[in-house]
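Reading the structure
Each chain, written out:
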Amino acid sequence: MKAKYSIILVALFCLSCLQAKNIVPVDKNREKVVMYKIKEIYNHELFDIIYAQKNDSLFKIISLKDSTTSNLKPLEVGKKYQLDLILIYPDYNNEETKIGAKDSCLMSIEKKSHFSLYSTTNLNGSFLSETNKDITNIVSKFSIHAILGDAVQKNKNTSLTILYFK
């Protein structure tokens, strides 16, 4: 009788060991790193526009120039970087107010970037930052509004928006 229980106990132990290899530890430091290849960088006075590619998707990123960049690593076109993207248009910011805007500009959002606009927590302009910024703080600096009308709708590959900086 003891031999029967011993065999069952050994079998259960072996089965549990086989199942344990399928358990993935939940450790935020071990998450899969997503790398983006920098395709283009355009410098403006208040912000930089960065086109980054992951697989077959192209992302248009607006990165505000917040502080000094003397100790930061500049992005290089053609190289891959880990970027923490935040979708800021069309979904994230539905605020209708333009009050308190420091500046504004017209911006086209292209079909090649899926008519979306992103920002990131780990860039300062076109420089890679070691520290991540607060998402709420980043999003609160933008107010984005689509421009509708027949003149804008003629080109099916772009969408025109007004980008307000607060």
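Residues numbered from 1 in each chain as written. Predicted model: local features only at pLDDT ≥ 70, side-chain atom pairs only at ≥ 80, totals over all residues. Heavy atoms only, no water.

Some details on the pairing of strand β8 (residues 117-120)
A regular strand places its side chains so that they alternate between the two faces of the sheet. The side-chain alternation of β8 yields two buried faces, one formed by Leu 117 and Ser 119 and the other by Tyr 118 and Thr 120. Bridge count between strand β6 (residues 85-89) and β8: four bridges; the pairing is antiparallel. When the bridges of β8 are listed, Leu 87 appears paired with Tyr 118. (Buried < 20%, exposed > 50% of the residue type's maximum accessible area, 1.4 Å probe, protein only. Helix = DSSP H or I, 4+ residues; strand = E, 2+ residues; numbered from the N terminus. Pairing = 2+ DSSP bridges.)

Looking at the packing of aromatic side chains
Tallied over the full model, the rule gives three aromatic pairs. With a centroid separation of 5.5 Å and 90° between ring planes, the pair formed by Tyr 36 and Phe 59 is classed as edge-to-face. Here Phe 59 lies in strand β3 (residues 57-64) and Tyr 36 lies in strand β1 (residues 35-43), a separation of 23 residues in the sequence. Classification of Tyr 36 as buried rests on a relative accessible area of 7%. Ring pairing ties together the aromatic residues Tyr 36, Phe 59 and Tyr 118, which thus form one cluster. (Phe/Tyr/Trp six-rings, centres within 6.5 Å; stacked < 30°, edge-to-face > 60°.)

Thoughts on the nonpolar core
Buried together is how nonpolar side chains tend to be arranged in soluble globular proteins. Ranked by internal contacts, the top residues of the largest apolar core, which has 16 residues, are Ile 62, Ile 88, Leu 117 and Phe 142. For this core, the secondary-structure elements that each account for two or more residues are β2 (47-54), β3, β6, β7 (103-110), α2 (135-139) and β11 (142-146). With residues near it in sequence (within four places) discarded, Leu 117 still touches Lys 60, Ile 62, Ile 86, Leu 87, Ile 88, Tyr 89, Met 107, Ile 109 and Ile 144. Counting twelve residues, the second largest nonpolar core, distinct from the first, contains Ala 52, Phe 59, Tyr 81 and Leu 123. (Core = buried A, V, L, I, M, F, W, Y, C linked by side-chain atoms within 4.5 Å. Contact = heavy atoms within 4.5 Å.)

Remarks on the sheet that holds strand β9 (residues 123-124)
Backbone hydrogen bonds are what pair the strands of a sheet, in a parallel or an antiparallel way. Strand order in the open sheet made by the three strands is β4-β10-β9, with antiparallel pairing throughout. Two strands in the sheet have a free side with no partner beyond their single neighbour: β4 (73-74) and β9. Of the strand pairs in this sheet, β9 and strand β10 (residues 127-128) are connected by two bridges, and their pairing is antiparallel. Bridged to Asn 124 within β10 is Phe 127.

Structural notes on the environment of Cys 105
Topologically, Cys 105 is positioned in strand β7. Distance from Cys 105 to Thr 161, taken between C-alpha atoms, is 8.5 Å for residues 56 residues apart in sequence.

Observations concerning the side chain of Thr 120
Along the chain, the position of Thr 120 falls in strand β8. For Thr 120, the side chain forms a polar contact with the side chain of Asn 122, separated by 2.7 Å. Beyond its immediate stretch of four places on either side in the chain, Thr 120 contacts Ile 61, Ile 62, Leu 83, Asp 84, Leu 85 and Ile 138. (Polar contact = N/O pair within 3.5 Å; in protein donor to acceptor, adjacent residues only side chain to side chain.)

Let's talk about the pattern of salt bridges
This model, assessed by the stated rule, comprises two salt bridges. Across the pair Lys 65 and Asp 48 runs a salt bridge, and its minimum N-O distance is 3.3 Å. Residue Lys 65 is found in the loop between β3 and β4, and its partner Asp 48 is found in strand β2; the two are separated by 17 residues along the sequence. The class of Lys 65 is partly exposed, set by a relative accessible area of 37%. You can call Asp 48 buried: its relative accessible area is 2%. (Salt bridge = Lys/Arg side-chain N within 4 Å of Asp/Glu carboxyl O.)

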